[in-house]
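Here are the chains, one letter per residue:
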Amino acid sequence: MVFQLPDNLHPHCGPLAWMLGTWRGSGKGDYPTIEPYDYQQELIFQQDGRPFIHYFARSWIVDEQGEKVRDAAQETGFLRCPEAGKVELLLTHNTGFVEIWYGEAADGKLELATDAVARTETAKEVTAGHRLYGNVEGDLLYAYDMAAVGQALQPHLWARLQRV
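This write-up is about the structure you can find in this document. Along every chain, residues carry numbers that run from 1 in the direction the sequence is written. In keeping with the predicted nature of the model, local features appear solely for residues at pLDDT of at least 70, side-chain atom pairs appear and are counted solely at 80 or more, and the whole-chain, interface and lining totals rest on all residues. Side-chain measures were taken over the full set of non-hydrogen atoms in the model, leaving aside hydrogen atoms and water.

Focus: the overall build of the chain
Phase 1: Scanning the chain from terminus to terminus reveals zero helices and 10 strands.
Phase 2: Numbering of helices and strands starts at the N terminus; helices are DSSP runs of H or I of at least 4 residues and strands are runs of E of at least 2. When the helices and strands of the chain are placed in sequence order, the string is β-β-β-β-β-β-β-β-β-β.
Phase 3: Across its three principal directions, the C-alpha atoms of the chain cover 45 × 35 × 20 Å.
Phase 4: Here, residues are in contact when the closest pair of their heavy atoms is within 4.5 Å. Taking the contacts inside the chain whose residues are at least 6 apart along the sequence as the reference set, 38% of them involve residues at least 24 apart.
Phase 5: In the chain, which carries 14 positive and 23 negative side-chain charges, the distance between the mean positions of the two groups comes to 3 Å. Counted as positive: Lys and Arg. Counted as negative: Asp and Glu, with His and the chain ends omitted from the count. Charge placement uses NZ in Lys and CZ in Arg. For Asp and Glu, CG and CD serve respectively.

As C-alpha cells, then:
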C-alpha cells in the first residue's frame with residue numbers, strides 16, 4: 001500500500017512518519033509464567049500536526065486456524081517528539097499499569113526502553129520493558145521484551161503487521 005506523507009506533519013515527527021496509519025497482522029507471545037500463544041493485532045498511529053503521534057493497539061488471542069478465541073490486551077498513548085529522532089512514549093494499558101518510555105527513531109526504526117512503571121493494586125507487577133519497531137520490506141515488525149512477576153527482562157511478544 002502506498003503511503004503519503006501528511007502535509008501537516010510536525011517536523012519532529014518525521015522519523016516516525018512511516019508508522020502513520022492502521023496496521024494489522026499476527027504475532028506470537030511467550031513468557032516463563034504463561035503458555036505460548038498466537039495472536040492478531042491492530043495498531044493505529046495518527047497525528048494532527050503537533051509534535052506527537054497518538055497510538056492505539058488492540059489484540060486478540062487466536063487458535064491454530066487463526067480464529068479468534070478471546071480479546072486480549074489494549075494499550076493507548078502518545079509518542080511525543082521533543083526533537084527529531086528523540087521519542088517519549090506515555091503508555092496506558094487496560095490491565096492496570098502505565099509506563100514512561102524514552103527512545104530514538106531513525107531510518108525506519110524506533111527503539112524504546114522504560115524509565116518508569118506504575119500499577120494499580122490489582123495489576124500484575126511489570127517492572128521494565130524494551131520495544132523495537134522496524135519497517136521491514138514495507139511491513140511493521142516489532143518485538144517487546146518485558147520484566148514482570150519476578151522475571152528478568154526477556155522476549156515476550158513479536159509480530160509482523162501490514163498497512164491496511
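Describing empty space enclosed by the protein
Where empty space is left becomes clear once a probe the size of a water molecule has been rolled over the atoms.
Phase 1: A pocket, in this scheme, is an open set of points on a 1 Å grid over the protein atoms alone with protein on both sides within 12 Å along at least 5 of 7 lines, while a cavity is a set where a 1.4 Å probe fits but cannot get out; residues line either one if an atom lies within 4 Å of a point. Grid points are joined across faces, edges and corners, and a volume is the space filled by probe spheres set on the points. Taken as a whole, this structure holds one cavity of 30 Å³ or more when the rule is applied.
Phase 2: Estimated volume of the largest cavity: approximately 40 Å³.
Phase 3: Along its surface, the largest cavity is lined by M19, F45, Y55, L79, L89, L110, L112 and Y133.
Phase 4: Across the lining of the largest cavity, the residue classes tally to eight nonpolar, no polar and no charged. For this classification, Asp, Glu, Lys and Arg are treated as charged, while Ala, Val, Leu, Ile, Met, Phe, Trp, Tyr, Cys and Pro are nonpolar and the rest, including Gly, are polar.

Remarks on the layout of surface pockets
Phase 1: Empty space within the largest pocket amounts to approximately 830 Å³.
Phase 2: Forming the walls of the largest pocket are 33 residues, and the residues nearest its centre are Y37, A73, T95, M146 and H156.
Phase 3: At the level of secondary structure, the elements contributing two or more residues to the lining of the largest pocket comprise β2 (37-46), β3 (52-62), β4 (68-83), β8 (126-136), β9 (139-148) and β10 (154-163).
Phase 4: Ranked by residues supplied to the lining of the largest pocket, first place goes to β4 with six residues.
Phase 5: Grouping the amino acids of the lining of the largest pocket by side-chain chemistry returns 19 nonpolar, eight polar and six charged.

Brief notes about the environment of T95
Phase 1: Relative to the helices and strands, T95 is located in the loop between β5 (86-93) and β6 (97-106).
Phase 2: Relative accessibility under 20% of the residue-type maximum defines a buried residue, over 50% an exposed one, and the middle range a partly exposed one, all with a 1.4 Å probe and only protein chains included. With relative accessibility at 45%, the residue T95 sits in the partly exposed group.
Phase 3: Residues T95 and R70, 25 residues apart in the sequence, show an inter-C-alpha distance of 15 Å.

Focus: the nonpolar core
Phase 1: The biggest cluster of nonpolar side chains holds 36 residues, and the ones touching the most others in it are L16, F45, L79, L110, Y133 and L140.
Phase 2: At five residues, β9 tops the list of elements feeding residues into this core. Think of a nonpolar core as a cluster: buried Ala, Val, Leu, Ile, Met, Phe, Trp, Tyr and Cys residues, connected wherever their side-chain atoms sit within 4.5 Å.

Description of the pairing of β6
Where a strand is regular, its side chains alternate between the two sheet faces.
Phase 1: Where burial is concerned, the two faces of β6 differ: the one with F97, E99, W101, G103 and A105 is buried and the one with V98, I100, Y102, E104 and A106 is not.
Phase 2: Of the pairings in the sheet, the one linking β5 to β6 comprises seven bridges and is antiparallel in character. Residue pairing in the sheet places L89 in a bridge with W101 of β6.
Phase 3: Paired strands are those between which DSSP finds at least two bridges. Linking β5 to β6, which pair antiparallel, is a turn of three residues; within it G96 sits at a positive phi near 105°.
Phase 4: Judged from the 10 bridges that link them, β6 and strand β7 (residues 109-119) form a sheet pairing that is antiparallel. Within β7, the residue paired with A106 across the bridge is K109.
Phase 5: What sits between β6 and β7 in their antiparallel hairpin is a turn of two residues, with D107 showing a positive phi close to 50°.

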